[in-house]
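Structure assessment
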Amino acid sequence: MSARVVTISATYGAGGSSIGPAVADRLGLRFVDRAIPELVAGEIGCTLEEALAHDGRAESGIGRILAGAARLPTVALGMDVYIPDHGFVPPEEFVEHTERVLIRTADRGGAVLLGRAAAVVLAGREDALHVRLDGPRERRLARAMTDAIPATGPPDRDVERMLEANDRARTAYVKHFYGADPADPRLYHLVIDATRFPASATADLIAQAARAF
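Structure report, in brief. (Residues numbered from 1 in each chain as written. Predicted model: local features only at pLDDT ≥ 70, side-chain atom pairs only at ≥ 80, totals over all residues. Heavy atoms only, no water.)

Focus on helix 9 (residues 199-211)
Rules: In this text, helices come from DSSP runs of H or I with a minimum length of four residues, and strands from runs of E with a minimum of two, each type numbered from the N-terminal end. To estimate the expected span of a helix, count its residues, drop one, and scale the result by 1.5 Å. Residue exposure (1.4 Å probe, protein chains only): buried if accessible area is under 20% of the type maximum, exposed if over 50%, otherwise partly exposed. Arc definition: it is the arc formed by the directions from the helix axis to the C-beta atoms. Contacts are assigned to residue pairs with any non-hydrogen atoms lying within 4.5 Å of each other.
Taking 1.5 Å per residue, 13 residues should reach 18 Å; helix 9 reaches 18 Å between its end C-alpha atoms and fits that length. Those residues of helix 9 not exposed but buried are Thr202, Ala203, Ile206, Ala207 and Ala210. Buried residues along helix 9 cover an arc of 135 degrees about the axis, so they all sit on one side. Those residues of helix 9 that are buried lie in contact with strand 1 (5-10), helix 1 (16-27), strand 6 (128-134) and strand 7 (190-193).

With respect to the pattern of salt bridges
So the rule is basically this: Here, a salt bridge means any Lys or Arg side-chain nitrogen found within 4 Å of an Asp or Glu carboxyl oxygen.
As enumerated under the stated definition, the model contains 12 salt bridges in all. Note that aspartate 184 and arginine 186 form a salt bridge whose closest N and O atoms lie 2.9 Å from each other. Of the residues examined, aspartate 184 reaches a relative accessible area of 19% and is grouped as buried. On the basis of relative accessibility, which here comes to 73%, the residue arginine 186 falls in the exposed class. In the salt-bridge network here, residues are joined through shared partners; they are Arg4, Asp107, Arg125 and Asp127.

Details of the environment of threonine 105
Note that threonine 105 resides in helix 5 (residues 91-107). On a C-alpha basis, the gap between threonine 105 and valine 5 in space is 9.2 Å, while along the polypeptide they are 100 residues apart. Not counting residues up to four positions away in its chain, the partners in contact with threonine 105 are Arg30, Val32, Gly110, Ala111 and Leu113.

Let's talk about the side chain of histidine 130
Note the threshold: What qualifies as a polar contact is a pair of N or O atoms within 3.5 Å, subject to a donor-acceptor requirement within protein and to the restriction that residues adjacent in sequence count only when both atoms come from side chains.
In this structure, histidine 130 sits in strand 6. A distance of 2.7 Å separates the side chain of histidine 130 from the side chain of threonine 7, its partner in a polar contact. Setting aside anything within four residues of it in sequence, one finds histidine 130 in contact with Thr7, Ala118, Ala119, Leu122, Ala123, Leu187, Tyr188, His189 and Leu190.

Some words on the packing of helix 1 against helix 9
Let me state the cut-off plainly: Angles shown run from 0 to 180 degrees and are taken between the N-to-C directions of axes, each axis being a line fitted to C-alpha atoms and, for helices, limited to the stretch in contact. Any angle that is under 35 degrees is reported as roughly parallel, and any over 145 degrees as roughly antiparallel; angles of 65 to 115 degrees are reported as roughly perpendicular and all others as oblique. What makes a crossing left-handed is the near helix being turned counterclockwise from the far one by less than a right angle; a clockwise turn instead makes it right-handed.
Close contact between helix 1 and helix 9 brings their axes to 9 Å; oriented N to C, the two are set at 45 degrees. In terms of axis orientation, helix 1 runs oblique to helix 9. Judged by the sense of rotation from one axis to the other, the crossing of helix 1 with helix 9 is right-handed. Touching Ser18, Ile19, Ala22, Val23, Arg26 and Leu27 of helix 1 are Ala199, Ser200, Thr202, Ala203, Asp204, Ile206, Ala207, Ala210 and Arg211, all from helix 9.

Comments concerning the sheet that holds strand 1
Inclusion rule: Strands are treated as partners if at least two bridges between them are detected by DSSP.
The parallel open sheet is built from 5 strands, whose spatial order is 2-5-1-6-7. Each edge of the open sheet is held by one strand with a lone partner, namely strand 2 (30-32) and strand 7. In this sheet, neighbouring strand axes are inclined to one another by 20 degrees on average, regardless of whether the strands run parallel or antiparallel. As paired strands, strand 1 and strand 5 (residues 111-114) are joined by 4 bridges and run parallel to one another. Counted as the bridge partner of valine 6 is valine 112 from strand 5. Relative to the sheet, helix 9 contacts strand 1, strand 6 and strand 7, its axis offset from that of strand 6 by approximately 160 degrees.

What to know about the pairing of strand 1
When you tally the buried positions in strand 1, you get 6 out of 6 residues, the bulk of the element. Here strand 1 shows no split at all, with Val5, Thr7 and Ser9 on one side and Val6, Ile8 and Ala10 on the other all buried. Pairing geometry for strand 1 and strand 6, over 6 bridges, is parallel. Bridge pairing in strand 6 places alanine 10 opposite leucine 133.

And the structure:
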């Protein structure tokens, strides 16, 4: 029996945004990336732009809040997040909607799911393969500078700040809402140093594991 669901947790610079679609293509599954708030937005009645303010990134909204919380682990997040023209939506409510979308997507034919603590949300599914993409910080930084950033992009120091902010925010998201460490190998069936292989080889490895699952 092949896995009908593949969840991918990826640190910044580990290539999740390119490896995820490649895995989906190899398995004939739908790919759902971190743009999943577009689906959630339809349920909570706000626009995609407003929903993105709650995304698990460091640049804005709840990502910024969680990034700050990562520096202050003893501080509880006891506030609501404001959505313009739609009142206040608690972060927990947004996460709950996101979880429902993940579960429904997995139930409807399966998918390759990137990010959103999907390995934790779908931990009990027998048809789900959970994968972690990581690598040494220096190698992830080098890959981000060469692969993810165009020649006209930000200087090296800005890329380094992006790596630090994204890693911090993604870790804080999982720790705050689920009490788990996304780097914990026990959450996954397969942990790969994605900086040591071409993206195509990593995608082949994951697809092979999914077929043999």
